[in-house]
Amino acid sequence: MSNNGDNLRSLTFSYENGTAKFTVLDQLALPHETTYVAILKIEDAWDAIRSMRIRGAPLIAIVAVLGLAVELTSNAQTVKELDGLTGGVEEVKTFVFQKMDYLKTSRPTAVNLFNAMEELKGIVDNADNTSREDVVNSIVTHAQYMLERDVSDNKAIGSHGADDLLARHTHPDGVRVVTICNTGSLATAGWGTALGVARELQNRNKLRSIAALETRPYNQGSRLTAYEIMTENMPNPCLICDSMAASYIRAKGADACVVGADRVCANGDTANKIGTFQLSIIAKEMGVDFFVASPFTTLDVDLESGDMIEIEERPPGEMLDSSGAPKGMSCWNPAFDVTPADYITGIITEKGVLRKGADGKFDVKGFVAKHS
Ligand code: MRU
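By the naming in an unreviewed UniProt entry, the protein chain is Methylthioribose-1-phosphate isomerase, taken from Skeletonema marinoi. The annotation that UniProt attaches to the protein chain under Function (unreviewed entry) is "Catalyzes the interconversion of methylthioribose-1-phosphate (MTR-1-P) into methylthioribulose-1-phosphate (MTRu-1-P)." On record in UniProt, under Sequence similarities (unreviewed entry), the comment for the protein chain is "Belongs to the eIF-2B alpha/beta/delta subunits family. MtnA subfamily."

Set out below in structure tokens:
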């Protein structure tokens, strides 16, 4: 079966006659219910991100930019406020930048959100924008472009990743993949990053098996990745607890762990879902490749190393409720960890696979400069 990820739509968006319509798939209800929730104003987008109704670094950014487009075109209250601005285009820009700053407070770790806001700010600041209509139109047009670009970048990541893995692993049946969290169509505008590599291998009949770590404490692996794997009929699927990774690799075998990213620093240190770091240690110890799949929108060359990344801590209740612990038990619930570059074999991007240089280090800045 050809696998294009199209039957797992994380959102719907249309813009006609000056009105934007935007819905997101409620990922908290998956896999049991498929419910699309309307985003009618910027607070709805912020809340969908903060509550993790939508999640995944690329999707967070896309929901923010489309939420802004809805806010400026289709929230009657905001349109009225814009009508009331009499201070010219600079006042409109200030108004818009405040909305962007608000969106940036939703979740701290995935850099895609911050990069997307910076990118949009550049678009808004363009000298050609001389009226309120220009500013709003430029945002809506660019938001739609970012939506499309995310899907095409992900497909390119899938293609580069599959090429690279197949060059390294030549078993006639293909590659045995282990992944963590959800990095598929549901985590992006479509197709996915790390799971997109598995999707591409499947399309080439070269996905030998796929193991998904359940992902603690919030179960994006067992609720969302398992759902994508089953929906797409991926071959030899296996759901495992996070604590089973070493035993699984020893018992069943694996060629490569392929994981997503929420922020990749200049030296290659990578923030991703909690549990990724320990998976990388297991991979290194057991001689399994460990690839990070990351679009350029997840690169943060301004941060030299991973110890500078702000790691989001989620409410303890999310962990207590899902673990059966007694209410009131104290716990620590970081959403992400940082995998040091030492443990990473390569970084798969839409421009190709970044490898370490002769000095054993990643040059993310150099790679970005070369491809920008
Ligand atoms: O807390 P989440 O579910 O937003 O975390 C998601 C991850 O860590 C993903 O692996 C990452 O965002 C990459 S998604 C393509």
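Overview of the UniProt feature "active site" (unreviewed entry) in the protein chain
Here, the residues flagged by UniProt with the feature "active site" (unreviewed entry) are Asp262. Ignoring sequence-local partners within four residues, the contact set of aspartate 262 consists of Ala57, Thr109, Ala110, Ala271, Asn272, Thr298 and Phe336.

What about the domain arrangement of the protein chain?
The domain architecture assigned to the protein chain consists of domain 1 (11-149) and domain 2 (170-371). Using C-alpha coordinates to define each centre, domain 1 is positioned 27 Å away from domain 2. Sorting the residues of the side of domain 1 that touches domain 2 by element identifies α2 (57-74) and α5 (111-124) as the ones contributing at least two each. The leading source of residues in the side of domain 1 that touches domain 2 is α2, at five residues. Class assignment for the residues of the side of domain 1 that touches domain 2 results in twelve nonpolar, five polar and two charged.

Some points on the sheet that holds strand β1 (residues 11-16)
Taken in spatial order, the three strands line up as β1-β2-β3 in an open sheet, and their pairing is antiparallel. Every interior strand has two partners, whereas the edge strands, β1 and β3 (36-38), have only one. For this sheet, the mean angle separating the axes of adjacent strands, direction not counted, is 20 degrees. The pairing of strand β2 (residues 19-25) with β3 spans three bridges and is classified as antiparallel. Across the sheet, valine 24 pairs through a bridge with valine 37, a residue of β3. Of the strands in this sheet, β1 and β2 touch α2, which is tilted by about 145 degrees from β2.

Some thoughts on the nonpolar core
Of all hydrophobic cores here, the largest spans 108 residues; its most connected members are Ile60, Val63, Ala64, Val65, Leu68, Cys257 and Val258. Per element, the largest residue contribution to this core is 13 residues, and it comes from α2. When residues of this core are sorted by domain, at least three fall in each of domain 1 (11-149) and domain 2 (170-371). Those residues in contact with valine 65 that lie beyond four places of it in its chain are Ala116, Leu120, Ala143 and Met146.

Section: the UniProt feature "site: Transition state stabilizer" (unreviewed entry) in the protein chain
Annotation from UniProt places "site: Transition state stabilizer" (unreviewed entry) at Cys181. The residue cysteine 181 is located in the loop between β4 (175-180) and α7 (194-203) in this model. When residues no more than four places from it in sequence are discounted, the contact partners of cysteine 181 are Thr215, Gln220, Gly221, Gly260, Asn272 and Lys273.

A short note on the site of the ligand
Looking at the ligand, there are 17 residues lining it, with Arg55, Ala57, Ala187, Gly260 and Lys273 nearest. Of all the secondary structure elements, the ones that give two or more residues to the shell around the ligand are α2 and β9 (270-273). Looking at the shell around the ligand, its residues break down into seven nonpolar, seven polar and three charged. For the shell around the ligand, the two domains that each supply at least three residues are domain 1 (11-149) and domain 2 (170-371).

Re α7
α7 sits mainly inside the fold: nine of its ten residues count as buried. Where α7 is concerned, the buried positions are Ala194, Leu195, Gly196, Val197, Ala198, Arg199, Glu200, Leu201 and Gln202. One or two steps after α7, the chain reaches asparagine 205, where phi turns positive at roughly 55 degrees.

The rules behind each value
Residues numbered from 1 in each chain as written. Predicted model: local features only at pLDDT ≥ 70, side-chain atom pairs only at ≥ 80, totals over all residues. UniProt positions renumbered as here; feature names shortened; annotations may be inferred. Contact = placed C-beta atoms within 7 Å. Domains from an automatic or database assignment. Helix = DSSP H or I, 4+ residues; strand = E, 2+ residues; numbered from the N terminus. Nonpolar A, V, L, I, M, F, W, Y, C, P; charged D, E, K, R; others polar. Pairing = 2+ DSSP bridges. Axes fitted to C-alpha atoms, helices over the stretch in contact; angles between N-to-C directions. Core = buried A, V, L, I, M, F, W, Y, C linked by C-beta atoms within 7 Å. Buried ≥ 20, exposed ≤ 12 C-beta atoms within 10 Å, placed from the backbone. Near = placed C-beta within 6 Å.

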